[in-house]
Amino acid sequence: MIEDQEYILDQVLTTIESESIDTLVIAGDVYDRAIAPVEAIELWDDFLISVSKLKVTVLIINGNHDSMKRLNFASKLLETNNIHIVSTDKLFEQITIDKVNFFLLPFLSLELASSLLDTKINDFTILKQEIIKLIDIDESETNIIIDHSYIITGNSDIEADSAIRPLALGGSEFTKGEVYNQFDLVLAGHVHRHSHIRPNIYYSGSILPYSSAERNNRQGYYIHQVGDTITSTYHTFDLKHPMREVAIYLQQIDEQLYSEDYIIIKLLDEGQIINPLEKIRTKFPNVMQIDREFRHLEINNTGESISDKLETSFADFYSLNSDQEISDDKLNYFLKVANDVIGGE
């Protein structure tokens, strides 16, 4: 998706110029893995060179996908061009621009944070509280915090996304939203869906749809205008190749119009399908995922309807995943194979 990412980043640069943006915030997950592909590193390098030529301050923190040390490479040199990358084993860094205080919290694992604070922490809410205690907040000025967290306002009110990597294995990975009450604005990373989850907390989301759950997310960015009050507006990107879902039988592929969109295929065929990818790519070269579409039968008050008899149990199972009853030939074939296995062959 390198070309698509370049297409989006060009829009970022154009927006910075056309809207006279003073500060660009990137709240983590620059890359999607600790060791990024060479093409991704080159694109990031080109973007930083381009943005350095604009009269804009850039504030970047690492996310849980990024390698802290790799993202921090040449950060001291980049500071001379007003590009600030906070991606080291520190708790936070403060950068003040025209009496607006930005507090950058790089993502820290609970283990690393426990080491830095010299106390065992297994909860992200407690971690953020401990860090914020160390921040000297001048309430007469505007205070903005940049954080990479899974922020919730209730018990579990952020929709799960298959593309989101857990922040922690064991312990709580959530941060309660009230932790940030004393800040005027929270610019958060981690959740891929753009969200305004409290009056002061914003997720801009991912710049592209990277999973089927994100295909209808309207990827974009927030512009926050900071003065006596703060106004925030959301703007969408123009996608080079949108992501969409196509539900189809494999034999219908030849009838489809050729498209370079990013496609999630849901195959409706029953039974085993051998190597469908080659055929699908003749019409959809950018197929991202192939799923099977199983049919579900609604059953009420099943009671003892699934008997202990093998043939009845399998027939019920078959009807749950098909739009018709199993034929006698199929059922007899299954019973023959099953009995051979049970018999020890």
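Small disclaimer: the values here were computed from a predicted structure and weren't measured.

Undergrad: Which residues make up a nonpolar patch on the surface, and what are the values?
TA: Together, Tyr333, Val337 and Val341 make up an exposed nonpolar region whose accessible area comes to about 320 Å². With relative accessibility at 59%, the residue tyrosine 333 sits in the exposed group.

Undergrad: Can you explain the layout of surface pockets? Please cite residues and give values.
TA: The computed volume of the second largest pocket comes to approximately 390 Å³. As for the second largest pocket, its lining consists of 21 residues, and the residues nearest its centre are Ile41, Trp44, Asp45, Leu48 and Phe73. Listed by contribution, the elements that provide at least two residues to the lining of the second largest pocket are α2 (38-52), α3 (68-71) and β3 (83-86). The biggest single contributor to the lining of the second largest pocket is α2, with 6 residues.

Undergrad: Give a detailed account of the sheet that holds strand β4 (residues 93-97), specifying residues and quantitative values.
TA: Pairing within the open sheet is mixed, and its 6 strands lie in the order β4-β5-β6-β9-β11-β10. Edge positions in the sheet fall to β4 and β10 (195-198), since each has one partner strand and no second. Adjacent strand axes in the sheet meet at a mean angle of 20 degrees when their direction is disregarded. Here strand β6 (residues 142-148) pairs with strand β9 (residues 185-189) via 5 bridges, running parallel. Pairing of aspartate 147 across the sheet is with alanine 188, part of β9.

Undergrad: Explain the pairing of β6 to me, and be specific about the residues and the numbers.
TA: Most of β6 is tucked away, with 7 of its 7 residues classed as buried. The side-chain alternation of β6 yields two buried faces, one formed by Thr142, Ile144, Ile146 and His148 and the other by Asn143, Ile145 and Asp147. In the sheet, strand β5 (residues 100-104) pairs with β6 via 5 bridges, with the strands oriented parallel. The partner of asparagine 101 across the bridge, within β6, is asparagine 143.

Undergrad: Any chance you could break down the nonpolar core for me, citing the residues and the numbers?
TA: Among the nonpolar cores identified, the biggest contains 27 residues, and Leu24, Phe47 and Val51 are the most heavily contacted of them. Looking at this core, the elements with two or more residues in it are α1 (2-18), β1 (23-27), α2, β2 (57-61) and β3. Of the residues forming this core, the biggest block, 6 residues, is contributed by α2. Each residue touching phenylalanine 47, except ones within four places of it in the same chain, is listed here: Leu9, Val12, Leu13, Leu24 and Ile26. Judged by nonpolar contacts, the second largest core, of 26 residues, contains Ile121, Leu127, Ile131 and Ile151.

Undergrad: An account of a negative patch on the surface is requested, with residue identities and associated values reported.
TA: A cluster of acidic residues, Glu3, Glu6, Asp10, Glu39, Glu42, Asp45, Asp46 and Glu260, forms a negative patch on the protein surface. Sorting the residues of the negative patch by element identifies α1 and α2 as the ones contributing at least two each. Summarising the element assignment, glutamate 3 is placed in helix α1. On the accessibility criterion, glutamate 3 (55% relative accessible area) is exposed.

Undergrad: Now, about the packing of aromatic side chains: what can you tell me, with residues and values included?
TA: The description of an aromatic ring pair uses the distance of the two centres, along with the angle that the planes make with each other. Taken as a whole, this structure holds 9 aromatic pairs when the rule is applied. Relative to phenylalanine 124, the ring of phenylalanine 107 lies with its centre 6.1 Å away and its plane at 25 degrees, an arrangement referred to as stacked. Of this pair, phenylalanine 107 sits in the loop between β5 and α5 (110-117) while phenylalanine 124 sits in helix α6 (residues 124-133), and the two are 17 residues apart along the sequence. Taken together, the aromatic side chains of Tyr202, Tyr222 and Tyr234 make up a single cluster linked through ring pairs.

Undergrad: Please set out helix α9 (residues 328-342) residue by residue, giving values where relevant.
TA: In this model α9 runs 21 Å from its N-terminal to its C-terminal C-alpha over 15 residues, within 8% of the 21 Å that 1.5 Å per residue would give. Within the span of α9, buried status applies to Leu331, Leu335 and Ala338. Buried residues of α9, seen end-on, are gathered within an arc of 70 degrees and therefore sit on one face of the element. Exposed and facing more than 90 degrees away from the buried side of α9 are Asp329, Tyr333 and Lys336. Of the surrounding secondary structure, the elements contacted by the buried residues of α9 are α8 (310-320).

Cut-offs and rules
- Numbering of residues begins from 1 in every chain and follows the order in which that chain's sequence is written.
- Given that this is a predicted model, residues contribute local features only at a pLDDT of at least 70 and side-chain atom pairs are listed and counted only at 80 or more, while totals for whole chains, interfaces and linings are drawn from all residues.
- Only hydrogens and water are removed before side-chain values are computed, so all heavy atoms of the structure are retained for them.
- Each patch is built from residues that are more than 30% exposed by relative accessible area and take part in no salt bridge. Like charges join if they lie within 9 Å; nonpolar side chains (Val, Leu, Ile, Met, Phe, Trp, Tyr) join within 5 Å.
- For every accessible area listed, the method is Shrake-Rupley and the probe measures 1.4 Å; residues are considered covered only by the protein chains on display.
- Salt bridge, as used here, is a side-chain nitrogen of Lys or Arg placed within 4 Å of a carboxyl oxygen of Asp or Glu.
- A 1.4 Å probe rolled over the protein chains alone gives each residue an accessible area, and that area as a share of the maximum for its type sets the label: buried under 20%, exposed over 50%, partly exposed in between.
- Method remark: on a 1 Å grid restricted to protein atoms, a set of points is classed as a cavity if a 1.4 Å probe fits but cannot get out and as a pocket if it is open with protein on both sides within 12 Å along at least five of seven lines; lining residues have an atom within 4 Å of a point.
- Grid points are joined across faces, edges and corners, and a volume is the space filled by probe spheres set on the points.
- The helix and strand labels rest on DSSP assignments: H or I over at least four residues marks a helix, E over at least two residues marks a strand, and numbering proceeds from the N terminus.
- Two strands are counted as paired when DSSP detects at least two bridges linking them.
- Lines are fitted to the C-alpha atoms to define the axes, a helix being fitted only along its stretch in contact, and any angle between axes, read from their N-to-C directions, falls within 0 to 180 degrees.
- By nonpolar core we mean a set of buried residues, namely Ala, Val, Leu, Ile, Met, Phe, Trp, Tyr and Cys, connected to one another through side-chain atoms within 4.5 Å.
- Residue contacts are counted whenever heavy atoms from the two residues lie within 4.5 Å of one another.
- Residues scored as positive are Lys and Arg, those scored as negative are Asp and Glu, and His as well as the terminal groups of each chain are ignored.
- By convention, the point assigned to a charge is CZ for Arg, NZ for Lys, CD for Glu and CG for Asp.
- Each Phe, Tyr or Trp ring, with Trp reduced to its six-membered ring, pairs with another whose centre is within 6.5 Å; inter-plane angles below 30 degrees give stacked pairs, above 60 give edge-to-face pairs, and intermediate values give tilted ones.
- Expected helix span is taken as 1.5 Å per residue step, with the number of steps being one fewer than the number of residues.
- Directions pointing from the helix axis toward each C-beta atom define the arc.

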